[in-house]
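The chain contents come next:
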Protein chains: 2
Amino acid sequence: MHRHEGHDACQAGVGDMLARAESVCRERGLQFTPLRREVMEAVAEAGKAQGAYDIAETLSAPGKRVAPVSVYRALDFLMQQGLVHRIASRNAFIPCAHGHAPGEGVVFLICRSCGGVDEASSEELEDGLDRTLKRAGFTPAHSILEVEGDCGACRGRQEAG
Amino acid sequence: MHRHEGHDACQAGVGDMLARAESVCRERGLQFTPLRREVMEAVAEAGKAQGAYDIAETLSAPGKRVAPVSVYRALDFLMQQGLVHRIASRNAFIPCAHGHAPGEGVVFLICRSCGGVDEASSEELEDGLDRTLKRAGFTPAHSILEVEGDCGACRGRQEAG
DNA sequence: GGCGGGTTTGTTACAGTGTATCACCGCAGC
DNA sequence: GCTGCGGTGATACACTGTAACAAACCCGCC
């Protein structure tokens, strides 16, 4: 079972994500500054993975420039708190749709037609990976699992249209 | 069962890799040019993943400069033929230790102390991934599975030393 | 041998991604 | 007030990758 219903559902939850970010920071005694909130919001609102430079542009306005370096710092912070993820194959960032421990086996499903990114996780997959690593004598610290393909919604649209 | 014994075993096979590359190209009617051979050799000889610029530097000598763009082209070719792999999380390249179909579920095991990269594959892992994707209604086209951690050799060395 | 067409390589320039460094600001605590 | 500290702004830079065009090469063909 994947844990949510698609990108529309995700977008509906922007407020939830911000609320969660805020409470996570409060719990940990960390600052959820305006900049961090804006970056979190930009990542959460976009329907697809955003590059750091995209975010910088989104947040910039005539007279108020947000430099990419500031975005990177905010993203680093948000990633450390597990609030956003980095998609290595795209050099882009997405909001974390639900809490999970860092290093836990989550797969990112990247749709090549709509650009949306879903998260999926399963015991089965994690067990398979663990056993494979154990057999190889390898101690994992951090995993990157990304699959590019077509999400159900887009495939349906193609078949219909 | 992982399919080979570690980085020393890999390095011993540089000649084999070149021979395989050559025969693959001959079979497919493609050119295994001197540049492509040199790039393949550089990737195969290095004990760890090499960046394109590293390779360019390795191949350059006083009076004979190899530009990164040439290396990228050779790498693109070698990747298309399945002779080298790209490690997305490192922006770096490794030789393919053994033949496998493109898109097949191979995991890259990246050691954070020695920098070596192993390949591992298992039915179990692939099945788990397939089922997880199917449940999510996602049709995969291409997967990236990379795990960072400590390889057996390095862990042994740490415990001993 | 010369010609034409495809592929490979060289070269330059540039776009995109990410980091280092330093200065400044705001704020808590003394 | 002073100091220390985390966050931000700003500039510069390093690293990664691609576009575009020209030159060299190869190979079949006339």
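The present account deals with the structure reproduced in this document.

## Structural notes on the sheet that holds strand β5 (residues 139–150) of chain A
And then number 1: Overall, mixed pairing links the six strands, which are arranged β4(A)-β3(A)-β5(A)-β5(B)-β3(B)-β4(B) in an open sheet. The strands lining the two open edges of the sheet, one partner per strand, are β4 (117–121) of chain A together with β4 (117–121) of chain B. Shown here is a sheet whose adjacent strand axes are inclined to one another by a mean of 25 degrees, direction ignored.
And then number 2: Both strand β3 (residues 106–111) of chain B and β4 of chain B contribute to a ladder of five bridges, which runs antiparallel. Bridge assignment links valine 106 of chain B to a residue of β4 of chain B, and that residue is serine 121 of chain B.

## Some remarks on the protein's contact with DNA strand D
And then number 1: Residues in close proximity to DNA strand D total 13 residues, the closest being Thr33 and Arg73 of chain A together with Tyr53, Tyr72 and Arg86 of chain B.
And then number 2: Restricting the count to atoms of DNA strand D within 4 Å of the protein gives a sugar and phosphate share of 50%.
And then number 3: Here threonine 33 of chain A contributes a side-chain N or O atom positioned 2.5 Å from a phosphate oxygen of DNA strand D.
And then number 4: Contact between DNA strand D and arginine 36 of chain A: a phosphate oxygen at 3.0 Å from a side-chain N or O atom of the residue.
And then number 5: For the surface near DNA strand D, the elements supplying multiple residues, two or more each, are α3 (34–45) and α5 (68–80) of chain A together with α5 (68–80) of chain B.
And then number 6: Each residue belonging to the surface near DNA strand D can be placed in one class, and the counts come to five nonpolar, four polar and four charged.

## Considering α5 of chain B
All names here are of chain B.
And then number 1: For α5, built from 13 residues, the straight-helix expectation of 18 Å at 1.5 Å per residue is met to within 8% by its first-to-last C-alpha distance of 18 Å.
And then number 2: Those residues of α5 lying buried are Pro68, Ser70, Val71, Ala74, Leu75, Phe77 and Leu78.
And then number 3: Looking at the buried positions of α5, the neighbouring elements they touch are α2 (14–28), α3 (34–45), α4 (52–59), β1 (84–87) and β2 (92–95).
And then number 4: Positive backbone phi, at 75 degrees, marks glycine 82, one or two positions downstream of α5.

## Focus on the packing of aromatic side chains
Residues and elements named next belong to chain A.
And then number 1: For the structure on display, the rule yields two aromatic pairs over all chains.
And then number 2: Centroid distance tyrosine 53 to tyrosine 72: 6.4 Å. Interplanar angle 70 degrees. Geometry classified as edge-to-face. Residue tyrosine 53 is found in helix α4 (residues 52–59), and its partner tyrosine 72 is found in helix α5; the two are separated by 19 residues along the sequence.
And then number 3: Under the relative-accessibility criterion, tyrosine 53 is labelled exposed at 57%.
And then number 4: For tyrosine 72, a relative accessible area of 37% gives the class partly exposed.

## Some points on the pattern of salt bridges
And then number 1: This structure, assessed with the given rule, holds 12 salt bridges over all chains.
And then number 2: Among the salt bridges present, the one from lysine 64 of chain B reaches glutamate 38 of chain B, with a minimum N-O distance of 2.9 Å. Within this pair, whereas lysine 64 of chain B is found in the loop between α4 and α5, its partner glutamate 38 of chain B is found in helix α3, the two being separated by 26 residues in sequence.
And then number 3: Judged by relative accessible area, which is 38%, lysine 64 of chain B ranks as partly exposed.
And then number 4: Here aspartate 150 of chain B ties to arginine 112 of chain B by a salt bridge, and the two come within 3.2 Å at their closest N and O atoms. One end of the pair, aspartate 150 of chain B, is in strand β5 (residues 139–150); the other, arginine 112 of chain B, is in the loop between β3 and β4, with 38 residues separating them in the sequence.
And then number 5: In this structure, a network of salt bridges that share partners links the residues Glu124 of chain A together with Arg131 and Arg135 of chain B.

## Side note on the relation of the copies chain B and chain A
And then number 1: Overlaying chain B on chain A yields an RMSD of 0.1 Å, the required transformation being a rotation through 179 degrees with an accompanying axial translation of 0.0 Å. The transformation just described matches what one would write down for a two-fold rotation axis. It is leucine 145 of chain B whose C-alpha, among those of chain B, lies nearest the rotation axis, at 2.3 Å.
And then number 2: Comparing interface residues between copies, 100% of those in chain B also sit at the interface in chain A, which points to an isologous, same-surface contact.

## A closer look at the packing of helix α6 (residues 123–135) of chain A against helix α6 (residues 123–135) of chain B
And then number 1: Viewed as axis vectors pointing N to C, α6 of chain A and α6 of chain B meet at an angle of 160 degrees, and their least axial separation amounts to 8 Å. If you check the angle between α6 of chain A and α6 of chain B, you find them roughly antiparallel. In this structure, α6 of chain A meets α6 of chain B at a crossing whose hand is left-handed. Contact residues: α6 of chain A offers Glu124, Leu125, Gly128, Leu129, Arg131, Thr132 and Arg135 of chain A, while α6 of chain B offers Glu124, Leu125, Gly128, Leu129, Arg131, Thr132 and Arg135 of chain B.
And then number 2: Looking at the contact of α6 of chain A with α6 of chain B residue by residue, the class counts come to four nonpolar, four polar and six charged.

## A word on the packing of α4 of chain A against α5 of chain A
All names here are of chain A.
And then number 1: Two elements in contact, α4 and α5, have axes separated by 9 Å at closest approach and are oriented at 110 degrees. Between α4 and α5, the crossing angle belongs to the class labelled roughly perpendicular. In the packing of α4 onto α5, the handedness of the crossing is right-handed. Counted together, Ala52, Tyr53, Ile55 and Ala56 of α4 and Pro68, Val71, Tyr72 and Leu75 of α5 form the full contact between these two elements.
And then number 2: Taken together, the residues of the contact of α4 with α5 break down into eight nonpolar, no polar and no charged.

The rules behind each value
- Residues numbered from 1 in each chain as written.
- Chains lettered and ligands numbered in written order.
- Predicted model: local features only at pLDDT ≥ 70, side-chain atom pairs only at ≥ 80, totals over all residues.
- Heavy atoms only, no water.
- Pairing = 2+ DSSP bridges.
- Helix = DSSP H or I, 4+ residues; strand = E, 2+ residues; numbered from the N terminus.
- Axes fitted to C-alpha atoms, helices over the stretch in contact; angles between N-to-C directions.
- Near = heavy atom within 4 Å.
- Polar contact = N/O pair within 3.5 Å; in protein donor to acceptor, adjacent residues only side chain to side chain.
- Nonpolar A, V, L, I, M, F, W, Y, C, P; charged D, E, K, R; others polar.
- Expected span 1.5 Å × (residues − 1).
- Buried < 20%, exposed > 50% of the residue type's maximum accessible area, 1.4 Å probe, protein only.
- Contact = heavy atoms within 4.5 Å.
- Phe/Tyr/Trp six-rings, centres within 6.5 Å; stacked < 30°, edge-to-face > 60°.
- Salt bridge = Lys/Arg side-chain N within 4 Å of Asp/Glu carboxyl O.
- Least-squares fit on C-alpha atoms with pLDDT ≥ 70 in both.
- Parallel < 35°, antiparallel > 145°, perpendicular 65-115°, else oblique.
- Left-handed = near helix turned anticlockwise from the far one by under 90°.

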